[in-house]
Amino acid sequence: MWWDERVSARFRRNLQPTLTYWSVFFSFGLCIAFLGPTLLDLRCQTQSSLSQITWVFFSQQFCLLLGSCLGGVFKRTLAQSLLALFASSLAISLVFAIIPLCHNVVVLAVVMAVAGLAMGCIDTISNMQLVKIYQKDSAIFLQALHFFVGFGALLSPLIADPFLSDTNCILANGTANASSNLPHIRKSLVPHHPGNLSHYDLPMKGMVVTRVSYAFWIMALINLPVPIAVFFLLYKERMVPCFNGSSHPLLSADELALETRPGDKDELSSAAQRPHPAAGHEDLFSCCQSKNFRGASFTYFAVHITGALVLFMTDGIVGEYSGFVYSYAVEEPLAVVHKVAGYLPSLFWGFITLGRLISIPVSYRMKPATMVFINVVGVLITFLLLLIFSSSVVFLFVGTASLGLFLSSTFPSMLAYTEDILQYTGCATTVLVTGAGIGEMVLQLLVGSIIHDRGSYSFLVCGMIFGCLAFTFYALLVFFHRMYPKPSPELDDASPDKAAVPEDTGQYQR
């Protein structure tokens with residue numbers, strides 16, 4: 001295996017929980033990408049206007065952000081985390097099954113809000129639990145985690161595609177005229193990022209002829225093994241309500257030797273007898289309590305803020321680029337034909353998924369800080385070249401693929417880097433997940449309004465500005481990292497600046 005035996009032994013010992021968290025993130029990806037290509041059929045199903053149906057996007061994104069903030073509430077014990085993941089993954093399957101029954105746009109928005117809450121909880125809890133399990137070795141497993149969300153995001157549009165209507169799915173007078181707009185509109189509805197649809201007029205009344213319900217029922221069945229996997233993990237850990245107590249397998253002598261460094265052996269037995277503290281993985285509300293600020297240095301806050309701002313920019317770029325690259329391509333001066341331009345968002349998401357797959361082995365050999373540096377510099381250079389060759393269709397495709405590769409591993413690498421700086425104390429995971437969610441929602445709205453006022457060229461200018469800001473915030477993070485206090489036994493245990501690494505035997509902690 002391309003990693004060392006110590007990491008391999010830890011992975012084997014935590015194989016079931018790790019695979020479970022990866023599968024739950026597959027549910028996240030499956031749910032986040034289906035709405036765009038199915039939106040017109042859902043509009044027909046609910047017999048609503050395009051402006052009304054696009055509010056479903058907002059309800060999902062807003063509640064996803066809210067769920068990310070609330071997800072940390074359930075991390076206090078392993079039982080709470082697993083129960084929350086079980087409920088969230090089961091809710092996603094139920095949402096897929098219920099969507100075909102929603103014939104009112106308000107009901108559909110409420111259902112998608114529930115899905116957003118579930119996705120937010122999955123996002124926060126899965127990242128937190130993997131960091132807890134692997135700590136210093138978490139980078140590689142976080143890269144794999146985020147590969148699965150990309151895989152799910154690629155799969156759901158493929159499942160939906162055979163069931164999408166080729167013509168307008170509401171038969172009424174003037175359907176022929178309205179149907180001519182449908183391919184153009186559908187191509188502009190890339191996964192979870194709607195374009196400007198206000199100037200299209202499609203009928204709202206008539207007979208509904210759509211088969212998209214089958215796609216949602218298929219996705220519900222595909223997702224069903226995920227809550228079952230979480231339930232099996234609950235059962236194994238004896239956390240199902242009808243069971244009490246727990247038992248954990250003892251480490252073999254060889255594994256114990258791999259996990260225990262010289263000087264740690266005397267502490268191992270005492271560390272195993274006391275519960276590991278939950279410090280460092282608080283929910284957003286707990287992080288904001290004044291008791292967590294006592295004795296904190298300026299650099300403690302600066303690391304959290306600059307790390308969140310880097311992800312605010314990079315995840316915001318993911319949102320705005322995937323949302324508006326089609327609109328940019330079909331406008332002058334490129335004027336790409338609609339069918340060809342429709343491949344750009346798929347190319348972008350495809351290379352994000354490929355990049356996350358490549359980053360799994362790379363992250364084992366390369367430090368997270370180095371990977372983030374390569375990512376932000378690569379994003380900056382790509383946007384610069386896109387601006388220079390703004391009249392080249394070929395380079396637009398090359399730049400889109402390049403941007404997907406560079407953005408793919410930014411989030412897990414930044415999470416691993418920031419948690420490592422704070423020595424797994426602080427509130428890095430919660431703050432970074434929240435910052436990334438806000439960035440994706442805010443920058444998409446901002447860029448949409450700017451393109452409407454200033455034209456399509458401002459799309460690349462905005463990306464360049466966001467890339468510069470991401471690099472600037474990363475440079476500040478490196479600066480504050482150098483200023484951050486090193487591990488010191490004199491620091492008080494209650495201080496948020498305490499840099500000593502929590503005891504870690506590599507076991508799956510309750």
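Given the structure is predicted, the values throughout are model-derived calculations rather than measurements.

Our next topic: the overall build of the chain. Scanning the chain for helices and strands turns up 23 helices and 2 strands. Every one of the 510 residues in the chain was classed for burial, and the buried ones make up 57%. Counted over contacts in the chain with a minimum sequence separation of 6, partners at least 24 positions apart contribute 83%. Entry remark: accessible area of the chain is about 21,200 Å², with carbon and sulfur atoms responsible for 67%.

Going through the model one piece at a time under the given rule, you end up with 23 aromatic pairs. The rings of F11, W22, F26, Y134, F141, F147, F148 and F151 are connected pair by pair, giving a single aromatic cluster.

Now for helix α2 (residues 15-32). A rise of 1.5 Å per residue sets the reference length of α2, with its 18 residues, at 26 Å; its end C-alpha atoms lie 26 Å apart and thus fit the reference within 8%. For α2, a buried count of 15 out of 18 residues is recorded, marking the element as mostly surrounded by other parts of the structure.

Here we take up the packing of helix α6 (residues 78-98) against helix α12 (residues 225-236). For the pair α6 and α12, interaxial distance at closest approach is 8 Å and the crossing angle is 160°. Classified by the angle between their axes, α6 and α12 sit roughly antiparallel to one another. Between α6 and α12 lies a crossing whose hand is left-handed. For the pair formed by α6 and α12, the contact residues are A79, L82, L83, L85, F86, S89 and L90 on the first element and V226, P227, V230, F231, L233 and L234 on the second. Residue composition of the contact of α6 with α12, grouped by class: 12 nonpolar, 1 polar and no charged.

Here the focus is unusual backbone geometry. For Q47, which is not glycine, the phi dihedral falls at a positive 50°. The residue Q47 is located in the loop between α3 (35-46) and α4 (50-53) in this model.

For the rest of this paragraph, the subject is helix α18 (residues 343-365). Compared with an ideal rise of 1.5 Å per residue, which puts 23 residues at 33 Å, α18 spans 33 Å between its outermost C-alpha atoms and is within 8% of the ideal. Within α18, the axis deviates most sharply at S359, by approximately 40°, and proline P361 lies no more than four positions further along.

Moving on, we come to the environment of G439. Summarising the element assignment, G439 is placed in helix α22 (residues 428-454). By relative accessible area, which is 0% here, G439 ends up buried. Here the alpha-carbon distance between G439 and L309, two residues 130 residues apart in the chain, equals 8.4 Å. For G439, the contacting residues outside a window of four places in its chain are F312, G316 and Q444.

Next up on the list: the confidence of the model for the chain. Any region with low pLDDT has predicted coordinates that should not be read closely. On average, residues of the chain carry a pLDDT of 76, and 72% of them reach 70 or more. Confidence drops under pLDDT 50 across residues 489-507; counting only partners more than four residues distant or on other chains, this segment forms 50 contacts.

Calculation criteria
- Residues numbered from 1 in each chain as written.
- Predicted model: local features only at pLDDT ≥ 70, side-chain atom pairs only at ≥ 80, totals over all residues.
- Heavy atoms only, no water.
- Helix = DSSP H or I, 4+ residues; strand = E, 2+ residues; numbered from the N terminus.
- Buried < 20%, exposed > 50% of the residue type's maximum accessible area, 1.4 Å probe, protein only.
- Contact = heavy atoms within 4.5 Å.
- Areas by Shrake-Rupley, 256 points an atom, 1.4 Å probe, with all protein chains shown as cover.
- Phe/Tyr/Trp six-rings, centres within 6.5 Å; stacked < 30°, edge-to-face > 60°.
- Expected span 1.5 Å × (residues − 1).
- Axes fitted to C-alpha atoms, helices over the stretch in contact; angles between N-to-C directions.
- Parallel < 35°, antiparallel > 145°, perpendicular 65-115°, else oblique.
- Left-handed = near helix turned anticlockwise from the far one by under 90°.
- Nonpolar A, V, L, I, M, F, W, Y, C, P; charged D, E, K, R; others polar.
- Bend = angle between axes of the 7 residues up to and from the residue.
- pLDDT = per-residue confidence, 0-100.

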